[in-house]
Amino acid sequence: MVKICCIGAGYVGGPTMAVIALNREAMPGKNLFFSTNVEKHVSEADIIFVSVNTPTKTRGLGAGKAADLTYWESAARMIADVSKSDKIVVEKSTVPVKTAEAIEKILTHNSKGINYQILSNPEFLAEGTAIEDLFSPDRVLIGGRETPDGQRAIKALKDVYAHWVPEDRIICTNLWSAELSKLAANAFLAQRISSVNAMSALCEATGADVSQVSHAIGKDTRIGPKFLNSSVGFGGSCFQKDILNLVYICECNGLTEVANYWKQVIKVNDYQKSRFVNRVVSSMFNTVSGKKIAILGFAFKKDTGDTRETPAIDVCNGLLGDKAWLSIYDPQVTEDQIQRDLAMKKFDWDHPVHLQPMSPTSVKQVTVVWDAYEATKNAHGLCILTEWDEFKSLDFQRIFDNMQKPAFVFDGRNVVNADKLREIGFIVYSIGKPL
Ligand code: NAD
Ligand code: UGA
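Residues numbered from 1 in each chain as written. Chains lettered and ligands numbered in written order. Predicted model: local features only at pLDDT ≥ 70, side-chain atom pairs only at ≥ 80, totals over all residues. Heavy atoms only, no water.

Draft legend 1. Spatial organisation of the overall build of the chain. Within the chain, the secondary structure is distributed over 16 helices and 12 strands. Whereas a compact globule of 435 residues would reach a radius of gyration of roughly 22 Å, the chain reaches 24 Å, a difference of no more than 12%. For the chain, buried positions account for 51% of its 435 residues. Long-range pairs, those at least 24 residues apart, make up 76% of the contacts in the chain between residues at least 6 apart in sequence. Total accessible area on the chain is roughly 20100 Å²; 55% of this is exposed by carbon and sulfur atoms. In the chain, which carries 49 positive and 50 negative side-chain charges, the distance between the mean positions of the two groups comes to 2 Å. (Helix = DSSP H or I, 4+ residues; strand = E, 2+ residues; numbered from the N terminus. Rg over C-alpha atoms; globule rule 2.2 N^0.38 Å. Buried < 20%, exposed > 50% of the residue type's maximum accessible area, 1.4 Å probe, protein only. Contact = heavy atoms within 4.5 Å. Areas by Shrake-Rupley, 256 points an atom, 1.4 Å probe, with all protein chains shown as cover. Lys, Arg positive; Asp, Glu negative; His and termini not counted. Charge placed at Lys NZ, Arg CZ, Asp CG, Glu CD.)

Below, the structure is given as structure tokens:
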């Protein structure tokens, strides 16, 4: 029986270990434990997953782009310090290509004759669907050294997944392909959203409807229908971070054109967020100063309370910059989190030690409420920034009756029925759709 230990029990480590534990053959009793005695469990384990956070560096060389591997490095040093037997160390975190080489150096330096095999096993789960994604992944990717020891390690990890993942979905590659495939997958996914969002700007300018365009192009089996929803912009802890990381690696390898190509995905995303703010301000007679704007949804997507890199932060800050008063409602995000997010500098969200005190302006201009009706009461406009299902079934007549007139709706996720809202009397702006 192999013993598995995971360092880092966040969004990835926690659910991944739970699903592995559930899929082991019948065990006498409990087989999933959470512990802070990391040294003990590392020294006893055969396979050690490392799924610590790998945020963007905020200081020094590569600041604003390169991955900060501080947490990874300290985990590797700890493994080297406490291990007394051979180990398979699995990179579960998303890391720059060639990280395994650095980790190998840390582990084998002072190795006391211990054999370490490093594997890259990036995670492709998405938040809100983590357990489903882990139960039936499109694929599991395992990269390792092309030596007999490396291949044995790959086999050992493959056996863990083979308890519930069909063998043809387990892809084995060399280390660098596995590391790079993770960055590439996120870059391709984000690029799809920036592509459809770029089209949405053209749709607004020409009278085309982005939903119809997405539907039409998605029918081409080479393009496919998924991930073509135009939005106020993509968010989440990984897309931007991983593309910046990719850009940095390209630049370090002298590949300026390639770096610029991928940088553009982020630029279009930033453009989409600022375009949204400009549309709100310009349609509300060029000023939102002193006007109450309701913000419905703050999480970076539905079914999660996660606000890391949510487009709502940039949109809210843009509106606050124009002196709007915001009343924010999200079914899963706390007031404390929202106030903190709006007071934070870029990238600080994943560096808790750098947290700044709250700025008094944002506290005064922002209220957080626990109900969409409360948020919209007496508001001049409302912005939908997360596609929560409950927003589709709100009583918009009631909302309209309690808002200032003219009452504006800016649907950043295309979730409401714009025609019905117009019948009620709202002025409705949807992303990438004719007025
Ligand atoms: P997270 O911040 O939720 O979890 C990381 C955890 O590691 C934190 O709880 C932190 O306290 C802990 N940690 C850091 N150093 C530690 C140490 N030395 N010992 C013990 N614990 C330590 O991050 P996450 O969202 O789970 O992401 C982890 C990695 O997985 C990142 O590289 C990310 O890019 C990648 N990833 C994330 C997702 C996602 O949906 N969130 C999906 C795929 C890949
Ligand atoms: C994403 C990837 O989908 C996962 O495969 C990957 O493992 C993960 O990043 C990671 O590496 O962290 P996640 O960020 O949880 O997962 O969520 P997504 O569903 O990909 O959504 C990301 C952002 O894109 C959200 O803000 C979402 O609203 C936006 N989005 C998504 C769109 O604007 N349009 C779409 O069509 C799809």
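Once the structure has been displayed, the description carries forward.
Draft legend 2. Spatial organisation of the side chain of Lys-273. With respect to the element layout, Lys-273 can be found in helix H10 (residues 256-283). In this structure, Lys-273 is in contact with Val-232, Pro-311, Asp-314 and Val-315, ignoring residues within four places of it in sequence.

Draft legend 3. Main features of the environment of Val-38. Following the sequence through the fold, Val-38 ends up in helix H2 (residues 38-44). For Val-38, a relative accessible area of 26% puts it in the partly exposed group. Residues Val-38 and Val-82, spaced 44 residues apart in sequence, show a C-alpha to C-alpha distance of 9.6 Å. Contacts of Val-38, omitting those with residues within four sequence positions, involve Ile-7 and Met-78.

Draft legend 4. Focus on the site of ligand 1. Around ligand 1, the structure places 20 residues, and the nearest of them are Val-12, Thr-54, Thr-94, Glu-127 and Lys-241. In this structure, an oxygen atom belonging to ligand 1 sits 2.9 Å away from a main-chain N or O atom of Val-12. Glu-127 has a polar side-chain atom sitting 3.0 Å from a nitrogen atom of ligand 1. Residue composition of the shell around ligand 1, by class: seven nonpolar, eight polar and five charged. (Near = heavy atom within 4 Å. Polar contact = N/O pair within 3.5 Å; in protein donor to acceptor, adjacent residues only side chain to side chain. Nonpolar A, V, L, I, M, F, W, Y, C, P; charged D, E, K, R; others polar.)

Draft legend 5. Layout of the confidence of the model for the chain. When pLDDT is averaged across the chain, the result is 94; 95% of the residues are at 70 or more. The low-confidence segment residues 357-362 (pLDDT under 50) makes seven contacts with residues lying over four places distant or belonging to another chain. Quick note on the complex model: pTM equals 0.95, ipTM equals 0.98. (pLDDT = per-residue confidence, 0-100.)

Draft legend 6. Main features of the site of ligand 2. In the vicinity of ligand 2, 20 residues are found, and the nearest of them are Phe-124, Leu-125, Ser-231, Cys-238 and Arg-413. For ligand 2, the protein covers 89% of the area, taking 700 Å² as the surface of the free molecule. Take the shell around ligand 2: its biggest share by element is four residues, from helix H7 (residues 175-206). Split by residue class, the shell around ligand 2 holds 11 nonpolar, four polar and five charged.

Draft legend 7. Quick look at the pattern of salt bridges. Scanning the model with the defined rule gives 26 salt bridges in all. Two residues, Arg-422 and Asp-419, come together in a salt bridge whose shortest N-O distance is 3.6 Å. One end of the pair, Arg-422, and the other, Asp-419, are both in helix H16 (residues 418-424), three residues apart, so they sit about a helical turn from each other. Arg-422 sits in the partly exposed class, given a relative accessible area of 29%. When salt bridges that share partners are traced, they join Lys-3, Lys-40 and Glu-44 into one network. (Salt bridge = Lys/Arg side-chain N within 4 Å of Asp/Glu carboxyl O.)

Draft legend 8. Highlighting the packing of aromatic side chains. By the definition in use, this model includes 11 aromatic pairs. A centroid spacing of 4.9 Å and a plane angle of 80° characterise the contact between Tyr-261 and Trp-262, whose relative ring orientation is edge-to-face. The partly exposed category is assigned to Tyr-261, whose relative accessible area is 45%. Here Phe-410 and Tyr-429 contribute two aromatic rings whose centre-to-centre distance is 5.3 Å and whose plane-to-plane angle is 20°, an arrangement assigned as stacked. Residue Phe-410 is located in strand S11 (residues 408-411), and its partner Tyr-429 is located in strand S12 (residues 427-430); the two are separated by 19 residues in the primary sequence. Exposure class is identical for Phe-410 and Tyr-429. Each is buried. Over the ring of Phe-400 we find Lys-405, and its NZ or CZ is 4.7 Å from the ring centre. (Phe/Tyr/Trp six-rings, centres within 6.5 Å; stacked < 30°, edge-to-face > 60°. Lys NZ or Arg CZ within 6 Å of the ring centre and 35° of its normal.)

Draft legend 9. Examining the nonpolar core more closely. Residues Ile-293, Leu-319, Ile-328 and Phe-426 are the most contacted members of the largest nonpolar core, which totals 56 residues. Looking at this core element by element, the count peaks at six residues for helix H11 (residues 311-321). What Ile-328 contacts, discounting residues up to four positions off in sequence, is Ile-295, Phe-298, Cys-316, Ile-338, Leu-342, Val-366, Thr-367, Val-368 and Val-369. (Core = buried A, V, L, I, M, F, W, Y, C linked by side-chain atoms within 4.5 Å.)

Draft legend 10. Main features of the environment of Asp-220. Mapped onto the elements of the fold, Asp-220 is located in the loop between helix H8 (210-218) and helix H9 (239-252). Accessibility expressed as a relative area gives 24% for Asp-220, which makes it partly exposed. For Asp-220 and Gly-143, which are 77 residues apart along the polypeptide, the C-alpha to C-alpha distance reads 32 Å. Here Arg-222 takes part through its backbone nitrogen, which lies 2.8 Å from a polar atom of the side chain of Asp-220.

Draft legend 11. Here's a closer look at the UniProt feature "active site" (unreviewed entry) in the chain. The residues that UniProt annotates with the feature "active site" (unreviewed entry) are Cys-238. Along the polypeptide, Cys-238 turns up in the loop between H8 and H9. Owing to a relative accessible area of 28%, Cys-238 belongs among the partly exposed residues under this scheme. (UniProt positions renumbered as here; feature names shortened; annotations may be inferred.)

Draft legend 12. Geometry of the sheet that holds strand S9 (residues 366-368). In space, the six strands of this open sheet follow the order S9-S8-S7-S10-S11-S12, with parallel pairing throughout. A strand with exactly one partner marks an edge of an open sheet, and here the two such strands are S9 and S12. Here the strands of the sheet are splayed against their neighbours by 20° on average, with no regard to which way each runs. Examined bridge by bridge, S11 and S12 share four bridges and lie parallel to one another. Counted as the bridge partner of Asp-411 is Ser-430 from S12. On the sheet, H11 packs against strand S7 (292-296), strand S8 (325-329), S9 and strand S10 (381-384) and is oriented at approximately 155° with respect to S8. Contacts between helix H12 (residues 335-343) and the sheet are confined to S8 and S9, with S9 contributing the most and set at about 155° to the helix. (Pairing = 2+ DSSP bridges. Axes fitted to C-alpha atoms, helices over the stretch in contact; angles between N-to-C directions.)

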